[in-house]
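Structural overview
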Amino acid sequence: MSRSENPSNSRREFLKRLTAAAGGAALTPAWVSKSFSKTSSDRSFEPPLAIASGFNGEPAVKKAVEIMQNGGDVLDGIISGVNIQEEDPDDMTVGYGGVPNEKGVVQLDAAVMDGRTHESGSVGALENIMHPSRVARLVMERTDHSLLVGEGALRFARMHGFKEENLLTDRARERWLEWKETLSDDDNYFPPENPDDNQTGSLWEEFESHHGTIHCSGLDANGGICAVTTTSGLFYKMPGRVGDSPITGAGLFADTKVGAAGSTGRGEANLQNLSSFLIVERMRMGDSPEEACLKACERIAENTKIPRLVNEKGEPNFNVRFYALNRDGQVGGAELRSSNGSMKVADRSGIHTIELAHLLE
Ligand code: GLY
């Protein structure tokens, strides 16, 4: 590891910069002194096992392990698992029923990575196809490319017989309309005169931020490790905005020699820090999954400097969550800001909920 890669050096450098910025006064963010040497939540499971984001991943991990237990492939297992959320109209952060972009169009991102072959396939800003993770798999298996976006991704999906359907549910459309009608007093859209007619409530109350997503990784009994991440992305995003989910190294990464990692939350932070790649590399260097996920949180905190993205303490004002497993069956996760986040794990014994560690209160 080079000197500049050494996290304690970079932490020291960051502290020096902060101190200089504060005119020499000691200014130590709470997270800088945090020790990562003791982890509370890392736990080990006997493969086959699957992990996923806690708020929506239970059906996925259950399905993935069922398939692996019955002799199915780990990639089949985790993709079939996340397909459940892609089809679920009540999960407004993934697939059918996802919150649309600013034009009212649902655009989906997804990626798969096979840690056994180091191959990956992704789709970005894909419209009208309910299972973007299946299309991503076909990009990996049936093309020489890794990422197809927009019209090209849709054409490719049609080639493979995927049916086009309207992914915008009434519930998601009503939320989008409410957002649009209350966005500004200086446009031509008005909310209903009687506020009681606007019954939709705020999505902020239901979702902790305008990001959702499902990530699922699996480890089979032969040591094979694969990962998938699928999402409808940032609520009301600009048309064509692609987040971290379909970008290998950002929203997911898998290497059978080490482990796998994936993320939910603010995709731009993962795109700018290649967080999932970082987590797998930290595990390669000996970190436990939870320690590695905390390192990714720390990296984001160090690199977030733009005033609109930090609070009065200089800390990121958004959240990102990480989920990881290693080849020994150890699992753990972390979130940037404490929000009682969790991850789901399934193995032969059933479903387990694991609390995420956090960097910031
Ligand atoms: N992490 C999902 C997104 O930002 O699109």
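Residues numbered from 1 in each chain as written. Predicted model: local features only at pLDDT ≥ 70, side-chain atom pairs only at ≥ 80, totals over all residues. Heavy atoms only, no water.

1. Here we look at the nonpolar core
To keep it simple, the criterion reads: In this text, buried Ala, Val, Leu, Ile, Met, Phe, Trp, Tyr and Cys residues form a nonpolar core when linked through side-chain atoms within 4.5 Å. Exposure categories follow from relative accessible area, calculated using a 1.4 Å probe and restricted to protein chains: below 20% of the type maximum is buried, above 50% is exposed, and the middle band is partly exposed. Going along the chain from the N terminus, every DSSP run of H or I of four or more residues is numbered as a helix, and every run of E of two or more is numbered as a strand.
Ile51, Ile279, Phe322, Leu325, Val331 and Leu336 are the most contacted members of the largest nonpolar core, which has 43 residues in total. Here this core takes seven residues from helix H10 (residues 289-303), the largest share from any one element. Among the nonpolar cores identified, the runner-up in size contains 21 residues, and Ile78, Val94, Val112 and Val228 belong to it.

2. Side note on the packing of helix H4 (residues 132-142) against helix H5 (residues 150-159)
Operational definition: Only the stretch in contact is used when fitting a helix axis, every axis being a line fitted to C-alpha atoms; angles between N-to-C directions are given from 0 to 180 degrees. An angle counts as roughly parallel when it lies under 35 degrees, as roughly antiparallel when it exceeds 145, as roughly perpendicular when it falls between 65 and 115, and as oblique in every other case. Between two residues, a contact is recorded if the distance between any of their heavy atoms is within 4.5 Å. Polar here means any residue other than Ala, Val, Leu, Ile, Met, Phe, Trp, Tyr, Cys and Pro, which are nonpolar, and Asp, Glu, Lys and Arg, which are charged; Gly is therefore polar.
It is at 10 Å that the axes of H4 and H5 come closest, and there the two elements cross at 85°. One element, H4, and the other, H5, form an angle in the roughly perpendicular class. Contact with H4, carried on its side by Val135, Leu138 and Val139, involves Ala153, Phe156 and Ala157 of H5 and no other residues of that element. Across the contact of H4 with H5, the residue classes break down as six nonpolar, no polar and no charged.

3. Some details on the packing of aromatic side chains
Rules: The pairing test for Phe, Tyr and Trp rings, Trp by its six-membered ring, is centres within 6.5 Å, and the orientation test on the planes gives stacked under 30 degrees, edge-to-face over 60, and tilted for anything in between. Only when the NZ of Lys or the CZ of Arg is both within 6 Å of the ring centre and within 35 degrees of the ring normal is a charge said to sit over the ring.
Throughout the structure, instances matching the rule amount to three aromatic pairs. Where tryptophan 179 meets tyrosine 236, the ring centres are 4.4 Å apart and the plane angle is 10°; that geometry is what we call stacked. Of the two residues, tryptophan 179 sits in helix H6 (residues 170-181) while tyrosine 236 sits in the loop between strand S7 (225-231) and strand S8 (252-255), which places them 57 residues apart along the sequence. Its relative accessible area of 10% is what places tyrosine 236 among the buried residues. With a centroid separation of 5.2 Å and an interplanar angle of 90°, the aromatic rings of phenylalanine 253 and phenylalanine 277 are classed as edge-to-face. With phenylalanine 253 in strand S8 and phenylalanine 277 in helix H9 (residues 275-284), this pair connects stretches of sequence that are 24 residues apart. Of the residues examined, phenylalanine 253 reaches a relative accessible area of 8% and is grouped as buried. Classification of phenylalanine 277 by relative accessible area gives partly exposed; the value is 35%. Among the aromatic residues, ring-to-ring pairing joins Trp179, Phe235 and Tyr236 into one connected group. If you follow arginine 266 out to its NZ or CZ, it ends over the ring of phenylalanine 318, 5.2 Å from the centre.

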